[in-house]
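# Close look at the chain arrangement
These are the residues of each chain, in order.
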Amino acid sequence: MAKQYGPSNIAVIGMEWGDEGKGKIIDFLAEKADVVARFNGGNNAGHTIEVGNSKIVVHLVPSSVMHKGKLGVIGNGLVVDPKVLLGEIKNLEKNRIKITPENLAVSENAHVILPHHIEEDKKAGGKIGTTARGIGPAYTDKAARIGLKIYEFVDDSLFRKRFGNEEFYQEYKEYADAIMPYVSDTATIMNGALSKNQRILFEGAQGTLLDLDFGTYPYVTSSTATAGGACTGLGIPPKKVQSVLGVCKAYKTRVGMGPFPTEITGNTAEKLQKVGKEFGATTGRQRRVGWFDTLIGRYAAMVNGADSIALTKLDVLTAVEKLRICVAYRYKGSIIKNFTTNMKILQNCQPVYEELDGWWDDITKIKSYEQLPNNAKKYLRRIEELLKVPISIISVGPKRDQTIVARQEFLF
Ligand code: GDP
Ligand code: IMO
Ligand code: MG
């Protein structure tokens, strides 16, 4: 193996409300990885990968699928809809991507999403604008200790005993048989990879502000989307996580309901939505958009312990005359400098902005930091300064090769 200077494993997590471009960044880094392991969520996630003329969106399978010879892991921290997983595997096959038990391991301890979870989510999830994929109800059953684990699902004597009288039983039994070859003790696999010093990416879904504990509760998802989830969702010791890479959009977006202090509407918002193609990869809903928010960035860097940042979608800001960065909130006549998940406060905060000049040159083909327009560099430097975290990757387009490495020492 080549001499290694950087970390041998990296947790890749979203710093906002999801859709930061985690799929793209994972795909970019996966080239040099041995194992890519999802640790939370389910098919509420939609991770987009674009290489050349092909574009795929994965929901459960880790975002390393465009590379051959990588092991993908679906950890115990996930809730797995077996029908969706099998559909995804079939779909990938149509794109000539072969998923087999050799390159995908599904944790025997992950929980199963069943039809009644989806039904319940469709009825109750509207209040916070969930993806209606049954995520919340499946995690609710897990916490209530009445959930169905994958190992029970694929063992017919156990599955039948609990759900043999249900209408979905026959159909789901077939799914169970099809999934059985993938099922393993993934915590042992992960710790084996760690002890061999293999290169591992821990793939987060959603983002810090959708995290059950640290997000804008109750407008959150039901899992741990922050870096700690890599440990609990995969069975690896905290001390083994060597580096955390926060994926952060150059502006902010949010799908679904809940507070969003820097949200904007009008011409600039429409431009960002159009140029940034801000439509959800899972539900097709239009994403709300807003200016960069330093308070969110610092908060996410803090709770995740971000060593560096991958700043995505910088290209989308090209030709915006004046760029705004939120540096504080005004709340009832006082100034707040730290993000809060207290909804009573957050819902009544007004952003305080700093303004920077934009740039006009197309940056989508730029390959190095030095070549970026001066005002783009100023924008990046200001973000680094305010967040006190270095930017290691700058993404200037959806494709794998539209990626600038600014600081290699944080990466493989
Ligand atoms: P994820 O859930 O964090 O993996 O992000 P999504 O895939 O849901 O959403 C990100 C969207 O932005 C996808 O359509 C990506 O193809 C696209 N994208 C990622 N990085 C960039 C970038 O730097 N520039 C542009 N224009 N699009 C990007
Ligand atoms: P990725 O991994 C963006 C949002 C939903 C809703 C809330 C709760 O692609 O970044 P849920 O179905 O999880 O109970 O919905 O969370 N949400 C996401 N938003 N990206 C995601 O995942 C999301 N996963 C869930 O829109 O507001
Ligand atoms: Mg997404």
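I will try to describe carefully the structure that is included in this document. Just so we're clear, the structure is a prediction, and the values are computed from it rather than from any experiment.

With that settled, the discussion passes to the coordination of the magnesium ion (ligand 3). Distances from the magnesium ion (ligand 3) to its protein donors, Asp 19 (OD) and Gly 46 (O), fall at 2.0 to 2.2 Å. In this pair, Asp 19 sits in the loop between strand S1 (9-14) and helix H1 (22-30) while Gly 46 sits in the loop between strand S2 (35-38) and strand S3 (47-51), placing the two residues 27 residues apart along the sequence. For Asp 19, a relative accessible area of 21% translates into the label partly exposed.

Geometrically, the link from Tyr 217 to Pro 218 is a cis peptide bond, its omega value of 10° lying close to zero. The phi dihedral of Arg 96 is positive, around 60°, even though this residue is not glycine. Residue Arg 96 is classed as exposed on the basis of its relative accessible area of 77%. Of note in this structure, Arg 145 is not a glycine but carries a positive phi near 65°. Relative accessible area serves as the criterion here: at 75%, Arg 145 is assigned to the exposed category.

Lys 22, Gly 23, Thr 48, Asp 315 and Ser 395 are the nearest of the 19 residues found near ligand 1. Here Gly 46 contributes a backbone N or O atom positioned 2.8 Å from an oxygen atom of ligand 1. The separation between an oxygen atom of ligand 1 and a polar side-chain atom of Thr 48 is 2.6 Å. Elements that contribute at least two residues to the shell around ligand 1 include exactly H1 and S3. Considering only residue class, the shell around ligand 1 consists of four nonpolar, seven polar and eight charged. Taken domain by domain, the makeup of the shell around ligand 1 includes at least three residues from each of domain 1 (9-244) and domain 2 (248-410).

Attention now goes to the nonpolar core. Within the largest apolar cluster, 58 residues are counted, with the highest numbers of intra-cluster contacts made by Met 190, Phe 202, Leu 311, Leu 314, Leu 372 and Tyr 379. Top element by residues in this core is helix H13 (residues 374-387). It accounts for six residues. The two domains that each donate at least three residues to this core are domain 1 (9-244) and domain 2 (248-410). In contact with Leu 311, not counting residues within four places along its chain, are Cys 248, Lys 249, Ala 250, Phe 292, Leu 380, Ile 383, Ile 391, Ile 393, Ile 394 and Ser 395.

Calculation criteria
- Residues numbered from 1 in each chain as written.
- Chains lettered and ligands numbered in written order.
- Predicted model: local features only at pLDDT ≥ 70, side-chain atom pairs only at ≥ 80, totals over all residues.
- Heavy atoms only, no water.
- Donors = N, O, S within 2.8 Å, 3.2 Å for Na, K, Ca; no water.
- Helix = DSSP H or I, 4+ residues; strand = E, 2+ residues; numbered from the N terminus.
- Buried < 20%, exposed > 50% of the residue type's maximum accessible area, 1.4 Å probe, protein only.
- Near = heavy atom within 4 Å.
- Polar contact = N/O pair within 3.5 Å; in protein donor to acceptor, adjacent residues only side chain to side chain.
- Nonpolar A, V, L, I, M, F, W, Y, C, P; charged D, E, K, R; others polar.
- Domains from an automatic or database assignment.
- Core = buried A, V, L, I, M, F, W, Y, C linked by side-chain atoms within 4.5 Å.
- Contact = heavy atoms within 4.5 Å.

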